[in-house]
Amino acid sequence: MRTSDYTLRTATPDVLDAARAVMLDTVYRDFGTGYVPRWHGDIVDLVGAYLAPERHTLLVAVDAGGEVVATGALDSRGPAHPPNPRYVAERYPSGVTAQLRRVYVRPEHRRRGLARRLVDELLAFAAADGGYRAVYLHTDPAVPGAEPFWRSLAKVVHDEREDAGGGQAVVHFDVPMA
């Protein structure tokens, strides 16, 4: 399949279970952590996290057979300290920071441009909002392909692997606004 064989759309209640499945499969398979409420609570409450708040969104990519195969979300919550470094949290305050979240693609649909299309749409959403000054995200570099993908689109602002003790081993990025 080519990237044009997929449809991107704003998530609606009828696709939330399928979107949640993509997310949970990712945290179990790729992260190896499984569901951790303090990190993944938004996955359980997709309506409260992304559909109900006016400045938040959840996108899905649907294949030709109607299956949700990828997700991407954006919210207005900046990174919290702790667990993130203080200066990262101060640089990206809630309310004026659009945080990219849950950009996940099922393994058999990767390398087809879906993540990039999702990010482009999320950046357009942030720009249209008018109230965001920055776009932020963090990633776990242990996830296959995640770090090179984000380095191709964004600028590293902090790599916790370089901290004494390695921090959470998370890489923090600043994404140029659309």
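Residues numbered from 1 in each chain as written. Predicted model: local features only at pLDDT ≥ 70, side-chain atom pairs only at ≥ 80, totals over all residues. Heavy atoms only, no water.

A. The pattern of salt bridges, seen in detail. Per the stated rule, a full pass over the model turns up 14 salt bridges. A salt bridge links Asp 159 to Arg 161; the shortest N-O distance between them is 2.7 Å. Residue classification places Asp 159 among the buried residues on the basis of a relative accessible area of 8%. On the accessibility criterion, Arg 161 (38% relative accessible area) is partly exposed. (Salt bridge = Lys/Arg side-chain N within 4 Å of Asp/Glu carboxyl O. Buried < 20%, exposed > 50% of the residue type's maximum accessible area, 1.4 Å probe, protein only.)

B. Spotlight on the nonpolar core. In this structure, Leu 74, Leu 100, Leu 114, Val 119, Val 135, Trp 150 and Val 175 are the most contacted members of the largest nonpolar core, which totals 28 residues. Elements supplying a minimum of two residues to this core: strand 2 (57-62), strand 3 (68-75), strand 4 (97-105), helix 5 (114-129), strand 5 (134-139), helix 6 (146-153) and strand 7 (171-175). It is helix 5 that provides the largest number of residues to this core, a total of 7 residues. Residues within four places of Leu 74 in sequence aside, it is in contact with Tyr 50, Arg 55, His 56, Thr 57, Ala 98, Gln 99, Leu 100, Leu 122, Phe 125, Ala 126 and Tyr 132. Formed by 17 residues, the second largest nonpolar core is a distinct cluster that contains Val 22, Leu 58, Val 60 and Val 62. (Core = buried A, V, L, I, M, F, W, Y, C linked by side-chain atoms within 4.5 Å. Helix = DSSP H or I, 4+ residues; strand = E, 2+ residues; numbered from the N terminus. Contact = heavy atoms within 4.5 Å.)

None of the figures reported here should be taken as evidence of function without further support.
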